[in-house]
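So you can see what is in the structure, the chains are spelled out below.
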Amino acid sequence: MRGCWPKALASPLPVIQKAASAPISAPAAPIEVSQTQNPPKWRQAALRAGPPSLEPGVADQNDNVPRLSRMQIELLVNSFVNDMARVATLQYTKSVGQARMNWLGITDNHHSLSHEPDGDQAAREKLIKINTWFSSELRYLLERLDSTPEPGGGGSLLDHTLVVWTNELGQGNSHTLDNIPFVLLGGGAGFHMGRSLKLDKVAHNRLHLAIAHAFGHRLSTFGQAALCEGGPLVLA
């Protein structure tokens, strides 16, 4: 089982976790490798898929975010195929990184737009346009996972991966932690998908517990114990 958490701070974000088809293998103790030593056996296995072809020389700059997004997604999918990782986070800029979506014709910085009052229709339309773009990147990630066969098993990577798209706040202009939106996709956790649930002010700690339990971690609490009362949400 794999998990994927794509993250677009100050707007919706995702996370990704994969359901393991085999136990994770790793050396029992740290191994030092020098140029005169043979690589350890756990690093000698042939790659299931070669590295993706990435455009060289793309600088970590604001206007390159669309290209960097696709490159990061290709690396993420490749890491799952080759079992280099089973949990990944895809994050766009920093929480107060002042990103400007110039490629969408929006010159205001995203963070400032998220703090405008609810009645600012111009800001609202720009935020919808920005979040629609983030949605398209999430769609690309899902399409790449869905079009990639699960190594050593049936179905696709998406069938064995849970993708969580969320936000750090319930609303940007108030910084409330109430009613944070979460979108769950993929078949990795065995949850009942394709529905909308409104859980008014239910602590999201209980969602995290449900995800942990789905991945075999039988935690009794996640974060503050008082916010975990009622146990993990029943999502299957």
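For clarity, every value in this text was computed on a predicted model and none was experimentally measured.

(A) How the structure looks around the packing of aromatic side chains. With the rule as written, the count across this model stands at four aromatic pairs. Through a chain of ring-to-ring contacts, the aromatic side chains of Tyr-92, Trp-103, Trp-133 and Phe-134 assemble into a single cluster. Taking the ring centre of Tyr-140 as reference, the NZ or CZ of Arg-70 above it sits at 4.0 Å.

(B) Summary view of the packing of helix α1 (residues 65–81) against helix α3 (residues 121–146). Look at α1 against α3: their axes get within 10 Å of each other, and the N-to-C directions meet at 25°. Between α1 and α3, the angle is such that the two are roughly parallel. Here α1 runs over α3; the crossing is right-handed. In contact with Val-65, Pro-66, Ser-69, Arg-70, Ile-73, Glu-74, Leu-76, Val-77 and Phe-80 of α1, α3 contributes Trp-133, Ser-136, Glu-137, Tyr-140, Leu-141, Arg-144 and Leu-145. Its residues placed into classes, the contact of α1 with α3 shows ten nonpolar, two polar and four charged.

(C) Here's a closer look at the confidence of the model for the chain. Residues of the chain with pLDDT of at least 70 account for 82%, and the chain-wide mean is 84. Looking over the chain, one finds the lowest element-wise mean pLDDT in strand β2 (residues 13–18), namely 52, and the highest in α3, namely 97. Low pLDDT, under 50, characterises residues 8–14; the stretch is placed with 42 contacts to residues that sit more than four places away or in other chains.

(D) Quick peek at the pattern of salt bridges. Applying the stated criterion across every chain yields a total of seven salt bridges. Asp-108 serves as the salt-bridge partner of Lys-126, at 2.7 Å between the closest nitrogen and oxygen. With Lys-126 in helix α3 and Asp-108 in the loop between β3 (87–92) and α2 (110–114), this residue pair connects regions lying 18 residues apart in the sequence. A residue is classified by how much of its surface remains accessible, and Lys-126, at 29% relative accessible area, is partly exposed. Note that Asp-178 is salt-bridged to Lys-201, the shortest N-O span being 3.8 Å. Residue Asp-178 is located in the loop between β4 (161–166) and β5 (182–185), and its partner Lys-201 is located in the loop between β5 and α4 (205–214); the two are separated by 23 residues in the primary sequence.

(E) Layout of unusual backbone geometry. Non-glycine residue His-175 carries a positive phi angle of around 60°. In this structure, Lys-201 takes a positive phi of about 60° despite not being glycine.

(F) Just α1, in detail. Spanning 17 residues, α1 covers 24 Å between terminal C-alpha atoms, matching the ideal 24 Å at 1.5 Å per step. Burial analysis of α1 places twelve of its 17 residues in the buried class, which makes it a mostly covered element. Within α1 the residues assigned to the buried category are Val-65, Leu-68, Ser-69, Met-71, Ile-73, Glu-74, Leu-76, Val-77, Asn-78, Ser-79, Phe-80 and Val-81. Remark: Asp-83 follows α1 within two positions and exhibits a positive phi of approximately 55°.

(G) Local environment of the side chain of Asn-109. Tracing the sequence through the fold places Asn-109 in the loop between β3 and α2. Overall, the relative accessible area of 11% leaves Asn-109 in the buried class. A distance of 3.0 Å separates polar atoms of two side chains, one belonging to Asn-109 and the other to Gln-98. Filtering out sequence-adjacent residues up to four positions away, Asn-109 remains in contact with Gln-98, Ala-99 and Arg-100.

(H) α4, seen in detail. Counted residue by residue, α4 has eight buried out of ten residues, so it is predominantly covered. Those residues of α4 lying buried are Asn-205, Arg-206, Leu-207, Leu-209, Ala-210, Ile-211, Ala-212 and His-213. Where α4 ends, the next residue or the one after it, Gly-216, has phi of about 90°, a positive value.

Cut-offs and rules
Residues numbered from 1 in each chain as written. Predicted model: local features only at pLDDT ≥ 70, side-chain atom pairs only at ≥ 80, totals over all residues. Heavy atoms only, no water. Phe/Tyr/Trp six-rings, centres within 6.5 Å; stacked < 30°, edge-to-face > 60°. Lys NZ or Arg CZ within 6 Å of the ring centre and 35° of its normal. Axes fitted to C-alpha atoms, helices over the stretch in contact; angles between N-to-C directions. Helix = DSSP H or I, 4+ residues; strand = E, 2+ residues; numbered from the N terminus. Parallel < 35°, antiparallel > 145°, perpendicular 65-115°, else oblique. Left-handed = near helix turned anticlockwise from the far one by under 90°. Contact = heavy atoms within 4.5 Å. Nonpolar A, V, L, I, M, F, W, Y, C, P; charged D, E, K, R; others polar. pLDDT = per-residue confidence, 0-100. Salt bridge = Lys/Arg side-chain N within 4 Å of Asp/Glu carboxyl O. Buried < 20%, exposed > 50% of the residue type's maximum accessible area, 1.4 Å probe, protein only. Expected span 1.5 Å × (residues − 1). Polar contact = N/O pair within 3.5 Å; in protein donor to acceptor, adjacent residues only side chain to side chain.

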